[in-house]
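Summary of structural features
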Amino acid sequence: MLSWLESTSLAVWLRESPSVWSFPTVLTLHTAGMAVLVGASWMLDLRLLGVGRNVPLSAYRWVFPTLAVGLFVNLVTGVLLFIKDPTTWGTAMPFLVKMVLVVASVATLVPVRSLILRRDAAHRDVSRNFRLLAIASILAWAGAVTAGRLLAYLVV
Amino acid sequence: MNLAHLHLVMNHVPTVGSVAALGLLLLAFVRRNEHLKHAGLELLFVIAVLTLPVYVSGVAAHREIRDRPGVSEDAVKVHQDAALIGFTVTEFAGFVAWVALWQSRRRGRAARGLVPAVTVLLVVALVVMGRAANLGGEIRHPEIRAAGAAPALAGDPERFMTSAISQVAVYSTWAWPAAEAVHFLGLALSFGVLLAVNLRILGVMKQVPFADVHRLLPWGMLGLGANLITGMFFFVGQPGQYTASTPFFWKVAFLVIAGANFLYLTVFGKAWPPFDVAQGGREGDRGDGRFDASVADKSMAILSITAWLAVLYAGRMLPFLGRSF
């Protein structure tokens, strides 16, 4: 199935097209999406850890639509990057590690989202569990970014 | 006009500019004038930003002249090492000046001793940069060398700092990938901060006072600092692949714009209640959700996001539009 994917015309185009709109643009969009997704998520984590603790949590609602944009862009471009070399990525351990870290990072956002979207607009307190979750989120994203960047060196 | 020309045009900025910034700071001490002090710090920050294109265009200038008669490779190398030290001290002075400006905006004044520390750093930067400038002048101006002296001699090429960094960049299996990973982490951090601050100016999360988003800027500076250090490691490690690269030229150009914009975000004067209301009675943002940033501030916010995306685009496209990796 991976080798079938690798022979599709989309995969061939991503692999072989000399156009700057092919692989280079997909990769650059993946980086821009990463900046939005990881950057916005870290801003939220910093708030949960007490940076700007007098700002009500409800002020951070903007983060979630922003995260949705970043996540959407990176899902689409990520799938395209995978389709380019599916037999390579599908069997590479560092890639699987990156996927686990991405899923873990996104998973930390789910409980945080319900905390931030609570109806109480003036809510400011962050419990110890949420602070731990924020640390987990910072580390998981950092791991995912590092793993992603190192794919270029570890998997060829 | 080529990049060598750009180097000749810009190479006086760090030295002449530092003299001007130093003059402003000294005058500020004599007259006990806060505005002059701020102007001196702001000028120093701008010089630190402009020193980046000065440094990187120098390597392009080297490529232009290295095969010409009368150009000593050793003299160039000695100049390059001195320039790297000068660059490092200037960037550090610019960073401390930024901290002083950030504190002034936040608390009304910088921490005690910080501005004198900036002044001392600036003097050091001026001395080392002056030496680099003089060594650079000697490359093509034999008339300024001491009578009878040969061009600065270097001896063993392995001795040079820039060559040693190159060795690590080329031969170490982990240094380059590790620096790339840090470069991407720094990118995400600084982009997150700039996104939050600029979205606030554009009207998102209006119930938050500007003072509270301004609080985030040091985190952005942390990301920028990490990226300046790792970025310079790439550049010093493999300069050849960048100097001939068009996207790299654009990346540096947009970095200068983005750097100036970062200063604007740090010191911008409108919509800031605690001090402005006290000083001029101007209406500021009270965090009640009613204040709207001016059109100028909003334009700057859009410029800021655009400039950072352009830096990211040019950087990520380096291997494809140019031939770097």
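What you see is a predicted model, and the numbers here were worked out from it, not measured in a lab.

The rules we used
- Every chain is numbered independently, its residues counted from 1 as its sequence is written.
- All chains are assigned letters beginning with A, and all ligands numbers beginning with 1, in the order in which they are written.
- With the structure being a predicted model, the display of local features is reserved for residues of pLDDT at least 70 and the display and counting of side-chain atom pairs for 80 or more, all residues being used for whole-chain, interface and lining totals.
- The numbering of helices and of strands both runs from the N terminus, where a helix is a DSSP run of H or I of at least 4 residues and a strand a run of E of at least 2.
- To sort residues by exposure, count the other C-beta atoms lying within 10 Å of each residue's C-beta; 20 or more gives buried, 12 or fewer gives exposed, and values between give partly exposed, all with C-beta atoms placed from the backbone.
- Here, residue contact means that the backbone-derived C-beta atoms of the two residues sit within 7 Å.
- To get an axis, fit a line to the C-alpha atoms, keeping to the stretch in contact for a helix; angles then go from 0 to 180 degrees between the N-to-C directions.
- We call two directions roughly parallel when the angle between them is under 35 degrees, roughly antiparallel when it is over 145, roughly perpendicular when it lies between 65 and 115, and oblique otherwise.
- In this scheme, a crossing is called left-handed if the near helix is turned counterclockwise away from the far one by less than a right angle; it is called right-handed if the turn is clockwise.
- Each residue gets one of three labels, nonpolar for Ala, Val, Leu, Ile, Met, Phe, Trp, Tyr, Cys and Pro, charged for Asp, Glu, Lys and Arg, and polar for the others, Gly among them.
- A set of buried Ala, Val, Leu, Ile, Met, Phe, Trp, Tyr and Cys residues, joined through C-beta atoms within 7 Å, is what we mean by a nonpolar core.
- Here the bounds of each domain stem from an automatic or database domain assignment.
- An expected span of 1.5 Å times one less than the residue number is assigned to each helix.
- As a per-residue measure, pLDDT reflects the predictor's confidence and takes values from 0 up to 100.

Another point: the overall build of chain B. Looking only at helices and strands, one finds 14 helices and zero strands in chain B. Starting at the N terminus, the α and β elements of chain B follow one another as α-α-α-α-α-α-α-α-α-α-α-α-α-α. Of all 325 residues assigned to chain B, the portion counted as buried reaches 42%.

For chain A, the helix and strand inventory stands at seven helices and zero strands. Going from the N terminus to the C terminus, chain A shows its helices and strands as α-α-α-α-α-α-α. On the principal axes, the C-alpha backbone points of chain A span a range of 55 × 30 × 25 Å. In chain A, which comprises 156 residues, the share counted as buried stands at 34%. Residue pairs in contact within chain A that sit at least 24 positions apart in sequence constitute 86% of those at least 6 positions apart.

Residues and elements named next belong to chain B. Direction vectors running N to C along helix α1 (residues 3-10) and helix α3 (residues 34-65) enclose 135°, while the axes themselves pass 7 Å from each other. It follows from the interaxial angle that α1 and α3 lie oblique. Note that α1 runs across α3; the crossing there is left-handed. Between α1 and α3, the contacting residues are Leu3, Ala4, Leu6, His7 and Met10 on the first element and Leu50, Pro53, Val54, Ser57, Gly58, Ala60, Ala61, Glu64 and Ile65 on the second. Taken together, the residues that form the contact of α1 with α3 break down as 10 nonpolar, three polar and one charged.

Generally speaking, soluble globular proteins have nonpolar side chains that are buried together. In terms of nonpolar packing, the biggest core is built from 115 residues, with Met43(A), Leu44(B), Ala93(B), Ala97(B), Val118(B), Ala188(B) and Val197(B) touching the most fellow members. Of the domains in this structure, domain 1 (1-155) and domain 2 (159-325) of chain B are the two that each give at least three residues to this core. Ignoring sequence-local partners within four residues, the contact set of Ala93(B) consists of Leu44(B), Ala48(B), Val118(B), Leu121(B), Leu122(B) and Ala125(B).

Further remarks concern the packing of α3(B) against helix α11 (residues 246-267) of chain B. Residues and elements named next belong to chain B. It is the contact of α3 with α11, at a shortest axis distance of 10 Å, that shows an interaxial angle of 170°. Comparing their axes, α11 and α3 come out roughly antiparallel. Contacts between α3 and α11 pair Glu42, Phe45, Val46, Val49, Leu50, Leu52, Pro53 and Val56 from the former with Val252, Leu255, Val256, Gly259, Ala260, Leu263 and Val267 from the latter. Among the residues making up the contact of α3 with α11, the classes are represented as 13 nonpolar, one polar and one charged.

This brings us to the interface of chain B and chain A. Listed by partner, the interface residues are 29 residues for chain B and 27 residues for chain A. Mapped by element, the contributors of at least two residues to the side of chain B that touches chain A are α7 (175-201), α13 (295-316) and α14 (318-321) of chain B. A total of 14 residues in the side of chain B that touches chain A trace back to one element, the largest contributor, which is α7(B). Across the side of chain B that touches chain A, the residue classes break down as 23 nonpolar, two polar and four charged.

Moving on, we come to helix α7 (residues 128-154) of chain A. Side chains of residues three or four places apart in an α-helix project in the same direction, reflecting 3.6 residues per turn. Over its 27 residues, α7(A) extends 37 Å from the first C-alpha to the last, a length consistent with the 39 Å expected when each residue adds 1.5 Å. Residues Leu133(A), Ala134(A), Ser137(A), Ile138(A), Ala140(A), Trp141(A), Ala144(A), Val145(A), Ala147(A), Gly148(A) and Arg149(A) constitute the buried set of α7(A). Where α7(A) is buried, its residues contact α3 (23-48) and α6 (93-116) of chain A together with α7 of chain B.

Residue and element names in this part refer to chain B. Per the domain assignment, the segments making up chain B are domain 1 (1-155) and domain 2 (159-325). Each partner contributes residues to the interface: domain 1 has 26 residues there, and domain 2 has 24 residues. Listing elements by their share of the side of domain 1 that touches domain 2, those giving two or more residues are α3 and α4 (73-107).

All names here are of chain B. Here chain B averages 86 in pLDDT, and 88% of its residues register 70 or above. A low-confidence stretch, residues 274-282 (pLDDT under 50), is modelled with seven contacts involving residues beyond four sequence positions or located in other chains. For this predicted complex, the interface confidence score (ipTM) comes to 0.93, while the overall pTM stands at 0.90.

Right, let's talk about unusual backbone geometry for a bit. All names here are of chain B. Located in the positive-phi region is Arg32, a residue other than glycine, with phi close to 50°. Locating Arg32 in the fold gives a position in the loop between α2 (13-31) and α3. On the basis of neighbour count, Arg32 is assigned to the exposed category, with 8 C-beta atoms found within 10 Å. Look at Met205: it is not a glycine, yet its phi comes out positive at around 45°. Relative to the helices and strands, Met205 resides in the loop between α7 and α8 (210-214).

The subject of this paragraph is helix α9 (residues 217-237) of chain B. Across its 21 residues, α9(B) extends 30 Å between first and last C-alpha, which sits within 8% of the 30 Å expected from 1.5 Å per residue. Residues of α9(B) that are buried: Leu217(B), Gly220(B), Met221(B), Gly223(B), Leu224(B), Asn227(B), Thr230(B), Gly231(B), Phe233(B), Phe235(B) and Val236(B).

With that settled, the discussion passes to the environment of Trp21(A). Looking at the element boundaries, Trp21(A) is found in the loop between α2 (9-16) and α3. For the pair Trp21(A) and Leu46(A), spaced 25 residues apart in sequence, the C-alpha separation works out to 36 Å.

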